[in-house]
Amino acid sequence: MSSAQTDLREDFLVLDNVTQHFDLGRHLFSRKSKGVVKAVDGISLTIKQGEILGIVGESGCGKTTLSRTIMQLLRPTSGQIFLEGKELSALSDADIRAERINFQMIFQDPYASLNPRLTVFTTLSEAIGRRHPDLRGEDLRARVIELMRTVGLNPAQMNRYPHEFSGGQRQRVAIARALAPEPKLVIADEPVSALDVSIQSQILNLLKRLSSEMGLTMIFVSHDLSVVRYIADRIAVMYRGQIIEMGTAEAIVDDPRHIYTQALMSAIPQPDPKLERERERILLEDEPPGARKAEDDLEVAELEEVVPGHFVSTRSFDRRVKVAADA
Amino acid sequence: MPLLDVRNLSTSFHLRSGIVRAAQNISLTLEKGETLGIVGESGSGKSVTCYSILQLIPQPPGRIESGEVLFEGRDLLKLSESEMRSIRGKRISMIFQDPMTSLNPYLRISTQLIEAIRVHDNMDEDAALKKAITALEEVGIPDAASRVRSYPHEFSGGMRQRVMIAMALVNDPDLLIADEPTTALDVTVQAQVLDIIKERQRRLGTAVILVTHDLGVVAGTCDKVQVMYAGQVVESGTTDQVFYNPQHAYTRSLQKAIPSLQAKNEALYTIAGTPPDLSKPVLGCAFYPRCPFPKVKDQDGPAPELTELSGGHCVRDCGYCDRTKPIETVLAQDVVAEETP
Amino acid sequence: MSRTADIVSATEERLSAPLAVEEFEKGSSLWDDAWHRLKRNRLAMISLFLFIAIVLFCVVGPLLSPYDGEQQDLLKGAQGPSGEHWFGTDTLGRDLMVRTMEGGRISLLVGMVATFVALMIGVVYGATAGYLGGKVDAVMMRIVDTLYALPFTIFVILLMVAFGRSLWLIFVAIGAVEWLSMARIVRAGVIGLKKQEFVEAAVSLGYSHTRIILRHLIPNVLGPVIVIATLTVPAVMLLEAFLSFLGLGVQPPNASWGVLINEGQQNMEIFPWLLMFPAFFFALTLFSLNFLGDGLRDALDPKSAKD
């Protein structure tokens, strides 16, 4: 996928061989390196305008680090990130700050992601001011009201503080804040996993509606394949910092090719007792301890296109697998 | 005689803002080797029920108002605190939701396990350590003999939850209460944890109460289900009865709201509104304001009773809604602003 | 029409209706909530009123009194409390009530100004160190550690010797020491907050460092800071009393409670009221501020409160 520079600039968002390594520091006396954690290890992908890409993986697979790297909250150790042809990874800190209004993030915990001391109005008007610094008074208020309606909040509650809202409502405020600077790309990091099932579907509906109405490009990060299946056009499955399989949502869910994706799929409990009794499961052994240190360097994943648009990693898989008909 | 027979258990919290009726008139029975699933949203009273059985409700502000908790025929609510202590962790044990905070971070796993054993069994340190290692091996912790000396932070989330289970099972309890044991875990780890519980059950006939909000987990693990809403049981029965012939509007809405059961290009079904404020008296059916198929405009009659339909399948039928109607997805529903708590 | 559709249309109607300004609900901020909790704490409220009463007594009192704090009447020296002089007079015949009030002014002024100085330096310094982190933080905090290690008394004596004795120097000297712990508390709070997602959200919106520190971090660490500040005021007053006791503090004819107590204890056995009155007011102030600080802690951090 990494080809000439001109190609990289064509798509909406392009990641070329992006890595994010964390140095664990050195031992106090021996000065030997404690090693490097390769949280994101050579990821290349492209996203088209208006597309929703789902990123799935277990905790610790690097999906959250990847989303923070795309957001430039962490600068990549190596590799390039292009948004509409502009190389974000090469911008200075000051330029990045100006560019930030084009890509926004929705966080996992609606209790932690809003400043408890600011009203909804202040939070939103501050964010709107990033795109429209001259908006004041009634115009600003009108924009806040419009934004609150868009995400299904009652504008009469604009002077309330975050703690006066329920979890689902707070997540709506967080979504409104992400939309306020009129971004082109929104990254949602586990936006529904802290919410109750019935609230989850409300937020998923909202995100889906927003992306189709506003033509938003979205990266939806989650550990829950059943949620990602519903919202994403394409899914990338991550394992130990690399993409192990990528394809359309249907292809990944209906025809998973990599054993790890199959194991993930087979672990999702079905809300149907008879299906559950017959479910064939692929069990994975636990990772060997300390596996993500640099010592046992992994080969960089080569993705092979098995069916047009459906990529599977050729990397050897290091967890033992057993198939159980019924537990 | 059933192993556990809870009759009309009611628990409330007396707060400055009023009395919150967190669990009202809960009844349940559990035989040896059975698994009961308790399903509901947060605040539905499912955890309060479990804590009440073990009398782990902080009192005050909590108060067990009425009811009986018969464990092998003995009413646990009448026992003294010291008698209760000899039951907790020995005959009935509990697994909590958060494996990160349920273990003492300053003590080695071995210390914590040995303590759990020696509180109930008069055995020497070495024998207790051996038993602890066996318990860790049983829950699938590799290299248990050396890892028993580790501290909690040296384990991953899934491993820590296994340690919690090992600790809960180390004294071979007759009843295991698991409060959302897999909610914080990845699906792959969740499957492993549920397998450990099932395996144990098959081998020793342990009875299990599994509290969860995930209908998928219930379908694969439980023999019986109770669906709770606003502090009440709204439907109960065998897993097949409740899954294939759901009667209460809430059960049906909950089932309908599972994302994995819905087609990709349709809006997800959502339950409008929010649960009622339990500090105010609820008139009639608690779910009525959110009911997708009501027959009448308003209802304020007496609270409906839990009645048996057939073969142990009970439902709290208010008679105000049309139970035969299919639930339809309401497209514009994500516009509805939730009411504030 | 189904009931859910009713709700939907009703909500949309409500949402699309033009909203007059009066219709906006008023939110209740965390500060409002804390104030409500504080109001329910009887001991803290009594302390608050007591403290206000003492401040009023000291500030307004001398204006209403027929006596002047410096007016000596040697014929009426060292008289016990009477209808004429409610608190009695000191050895030089000055009215002790006015002296106590004027001493209170100085003590309270030292306490509050020095605390304010400490607050300003400590909050800005601590927040900056905590927010920037890394090497900047390390250097800034080593400076704090070094200053901590300086023996305070010697530091003040040096200042006094170098710059002469003045009230303002006492403010500076005490403030310069008290800000250290303030800075540590703020830094710890900011480091905890920095990992919270709302700060990351502020960074991803491209807000400047100053804006993030001032609007998003400092207001959220102010709770514990206010508590510490309330408890610092009495600590500073004690320090000032200690300095005055050593003769390094306020100079005659000005008096602070520390100076008055010092004078009083010299004649404690013969004229006990000279010690009693200033000591009583001083103790009352310390008590009320400490109880108020405890009440504020419970009010601002409800999780730590007992119920």
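Residues numbered from 1 in each chain as written. Chains lettered and ligands numbered in written order. Predicted model: local features only at pLDDT ≥ 70, side-chain atom pairs only at ≥ 80, totals over all residues. Heavy atoms only, no water.

### Brief notes about the overall build of chain C
Heads up, the condition is: Helical segments are the DSSP runs of H or I of at least four residues, strand segments are the runs of E of at least two, and each set is numbered from the N terminus. Residue burial is assigned from relative accessible area. The probe radius is 1.4 Å, only protein chains are included, and a residue is buried under 20% of its type maximum, exposed over 50%, and partly exposed in between. We call two residues in contact whenever any of their non-hydrogen atoms come within 4.5 Å of each other. Each accessible area value is a Shrake-Rupley result obtained with a 1.4 Å probe; residue values ignore everything except the protein chains displayed when judging cover.
Across its full length, chain C holds eleven helices and zero strands. Within the span of chain C, comprising 307 residues, buried residues form 46% of the whole. A separation of at least 24 residues holds for 69% of the contacts in chain C among residues at least 6 apart in sequence. Total accessible area on chain C is roughly 15,300 Å²; 67% of this is exposed by carbon and sulfur atoms.

### Some remarks on the interface of chain B and chain A
The cut-off we apply is this: Using a 1.4 Å probe, buried area is obtained as the accessible area two parts lose upon being combined, added over both of them. Salt bridge criterion: a side-chain nitrogen from Lys or Arg within 4 Å of a carboxyl oxygen from Asp or Glu. Pairing of N or O atoms within 3.5 Å defines a polar contact, subject to two protein rules: one partner must be a possible hydrogen donor and the other a possible acceptor, and residues neighboring in sequence count only if both atoms are side-chain atoms. Charged residues are taken to be Asp, Glu, Lys and Arg, nonpolar residues to be Ala, Val, Leu, Ile, Met, Phe, Trp, Tyr, Cys and Pro, and polar residues to be all remaining types, Gly included.
Counting from both sides, the interface comprises 47 residues of chain B and, opposite them, 49 residues of chain A. A combined buried area of about 4,100 Å² lies between chain B and chain A, and 51% of that area is made up of carbon and sulfur atoms. The interface formed by chain B and chain A includes one salt bridge. The shortest N-O distance in the salt bridge between aspartate 240 of chain B and arginine 277 of chain A comes to 3.1 Å. At the junction of chain B and chain A, the tally comes to five residue pairs in polar contact (both at pLDDT 80 or more). Where the side of chain B that touches chain A is concerned, the elements lending two or more residues are α6 (157–169), α7 (187–204), α8 (215–221) and α9 (239–244) of chain B. By residue number, the principal contributor to the side of chain B that touches chain A is α7 of chain B, which donates eight residues. Here the side of chain B that touches chain A is built from residues that sort into 22 nonpolar, twelve polar and 13 charged.

### Concerning the nonpolar core
Just so we agree on the cut-off: Think of a nonpolar core as a cluster: buried Ala, Val, Leu, Ile, Met, Phe, Trp, Tyr and Cys residues, connected wherever their side-chain atoms sit within 4.5 Å.
Leu4, Leu136, Leu175, Ile177 and Ile209 of chain B are the most contacted members of the largest nonpolar core, which totals 100 residues. In terms of residue count, the dominant contributor to this core is α6 of chain B (eight residues). The residues touching isoleucine 177 of chain B, leaving out its near neighbours within four places in the chain, are Cys50, Ile53, Leu54, Ile92, Ser93, Met94, Ile95 and Ile209 of chain B. Val173, Phe220 and Val228 of chain A together with Ala229 of chain C belong to the second-largest nonpolar core, a separate cluster that totals 89 residues.

### Structural notes on the interface of chain C and chain A
When the parts of a complex come together, some accessible area is lost, and that lost area is often taken as the interface size. Opposite the 32 residues of chain C that make contact, chain A presents 38 residues. Overall, the association of chain C and chain A removes approximately 3,200 Å² of surface from exposure, summing both partners, and the carbon and sulfur fraction of that is 53%. There are three salt bridges connecting chain C and chain A. Glutamate 200 of chain C is the partner of arginine 68 of chain A in a salt bridge, and the nearest nitrogen-oxygen pair spans 2.8 Å. Run the count over chain C and chain A and you get 16 residue pairs in polar contact (both at pLDDT 80 or more). The residue inventory of the side of chain C that touches chain A, partitioned by class, reads twelve nonpolar, eleven polar and nine charged.

### Examining the confidence of the model for chain A
Residues and elements named next belong to chain A. Threshold: For every residue, the predictor reports its confidence as pLDDT, a number between 0 and 100.
Mean pLDDT over chain A stands at 83; residues scoring 70 or higher make up 88%. Long-range and interchain partners of residues 1–6, a stretch whose pLDDT sits below 50, account for eight contacts in this model, where long-range means more than four residues apart. Note on residues 288–296: pLDDT is under 50 here. Beyond four places in sequence and across chains, it has 16 contacts.

### Notes on helix α7 (residues 197–214) of chain A
Residue and element names in this part refer to chain A. Here is the rule: Here a helix's expected span is defined as the number of its residues, less one, multiplied by 1.5 Å.
Between its terminal C-alpha atoms α7 stretches 26 Å, which fits the 26 Å expected from 18 residues at 1.5 Å a residue. Along α7, 13 of the 18 residues are buried, which leaves the element largely enclosed by surrounding structure. Phi for glycine 215, located one or two positions after α7, is positive at around 65°.

### Some details on the packing of helix α3 (residues 109–120) of chain B against α6 of chain B
All names here are of chain B. Going by this rule: In this description, a line fitted to the C-alpha atoms serves as the axis of each element, helices being fitted only across the stretch in contact, and the angle between N-to-C directions of two axes falls anywhere from 0 to 180 degrees. Relative orientations are named as follows: roughly parallel for angles under 35 degrees, roughly antiparallel for angles over 145 degrees, roughly perpendicular for angles from 65 to 115 degrees, and oblique for any other angle. Helix crossings get a hand from a simple test, with the near helix turned counterclockwise from the far one by less than a right angle marking a left-handed crossing and a clockwise turn marking a right-handed one.
The interhelical angle for the contact between α3 and α6, taken along N-to-C directions, is 20°, at an axis separation of 9 Å. Comparing their axes, α6 and α3 come out roughly parallel. Judged by the twist between their axes, the crossing of α3 over α6 is right-handed. Facing α3, whose interface residues are Ile109, Gln112, Leu113 and Ala116, α6 presents Val163, Ala166 and Met167. Here the residues of the contact of α3 with α6 are counted per class, giving six nonpolar, one polar and no charged.

### Notes on the environment of alanine 267 of chain B
Residue and element names in this part refer to chain B. If you trace the backbone, alanine 267 turns up in the loop between α10 (249–256) and β11 (306–310). Of the residues examined, alanine 267 reaches a relative accessible area of 18% and is grouped as buried. In sequence terms alanine 267 and tyrosine 151 are 116 residues apart; their C-alpha atoms lie 46 Å from each other.

### With respect to unusual backbone geometry
All names here are of chain B. Here the phi dihedral of glutamine 55 falls at roughly 55°; this positive angle occurs in a residue that is not glycine. Topologically, glutamine 55 is positioned in the loop between α1 (46–53) and β4 (62–71). The exposure class of glutamine 55 is buried, given its relative accessible area of 18%. Residue aspartate 172 is not a glycine yet carries a positive backbone phi of 45°. Take aspartate 172: it is sitting in the loop between α6 and β7 (175–179). According to the relative accessible area criterion, aspartate 172 is partly exposed, its value standing at 44%.

### Quick look at the environment of phenylalanine 165 of chain A
Mapped onto the secondary structure, phenylalanine 165 of chain A falls in the loop between α5 (137–150) and α6 (167–179). Residue phenylalanine 165 of chain A is classed as buried on the basis of its relative accessible area of 2%.

### Let's talk about the sheet that holds strand β2 (residues 36–47) of chain A
All names here are of chain A. Operational definition: If DSSP finds at least two bridges between two strands, the strands pair.
The strand order β2-β1-β4-β5 describes an open sheet built from four strands, whose pairing is antiparallel. Pairing within the sheet leaves two strands with one partner each, and these edge strands are β2 and β5 (86–87). Pairing between strand β1 (residues 13–23) and β2: nine bridges, direction antiparallel. Among the inter-strand pairings, glutamine 20 is bridged to a residue of β2, identified as valine 40. Seen against the sheet, helix α2 (residues 63–70) touches β1, β2 and β4 (78–83) and runs at an angle of roughly 115° to β1.

### With respect to the pattern of salt bridges
In total, this model carries 35 salt bridges over all chains according to the counting rule given. Glutamate 126 of chain A serves as the salt-bridge partner of arginine 211 of chain C, at 3.0 Å between the closest nitrogen and oxygen. A residue pair is termed interchain when its members come from two chains, as with arginine 211 of chain C in helix α9 (residues 209–245) and glutamate 126 of chain A in helix α4 (residues 120–131). When its relative accessible area of 8% is taken as the criterion, glutamate 126 of chain A is described as buried. Arginine 7 of chain B is paired through a salt bridge with aspartate 5 of chain B; the nearest N and O atoms lie 2.9 Å apart. Overall, the relative accessible area of 11% leaves aspartate 5 of chain B in the buried class. Each of the salt bridges in this network shares a partner with another, and the network as a whole consists of Glu138, Asp172, Glu199, Arg200, Arg202 and Arg203 of chain B.

### Details of the side chain of glutamate 240 of chain C
Examined against the element boundaries, glutamate 240 of chain C turns out to sit in helix α9. With residues near it in sequence (within four places) discarded, glutamate 240 of chain C still touches Ser107, Val110, Ile170, Ile174, Val250, Ser256 and Gly258 of chain C.

### Let's talk about a nonpolar patch on the surface
Spelled out, the test is: Nonpolar side chains (Val, Leu, Ile, Met, Phe, Trp, Tyr) within 5 Å and like charges within 9 Å form the patches, drawn only from residues with over 30% relative accessible area and no salt bridge.
A cluster of nonpolar side chains, namely Phe49, Ile52, Leu56, Val59, Val60, Leu63 and Leu64 of chain C, defines an oily patch on the protein surface of about 710 Å² accessible area. One can find phenylalanine 49 of chain C in helix α3 (residues 42–64).

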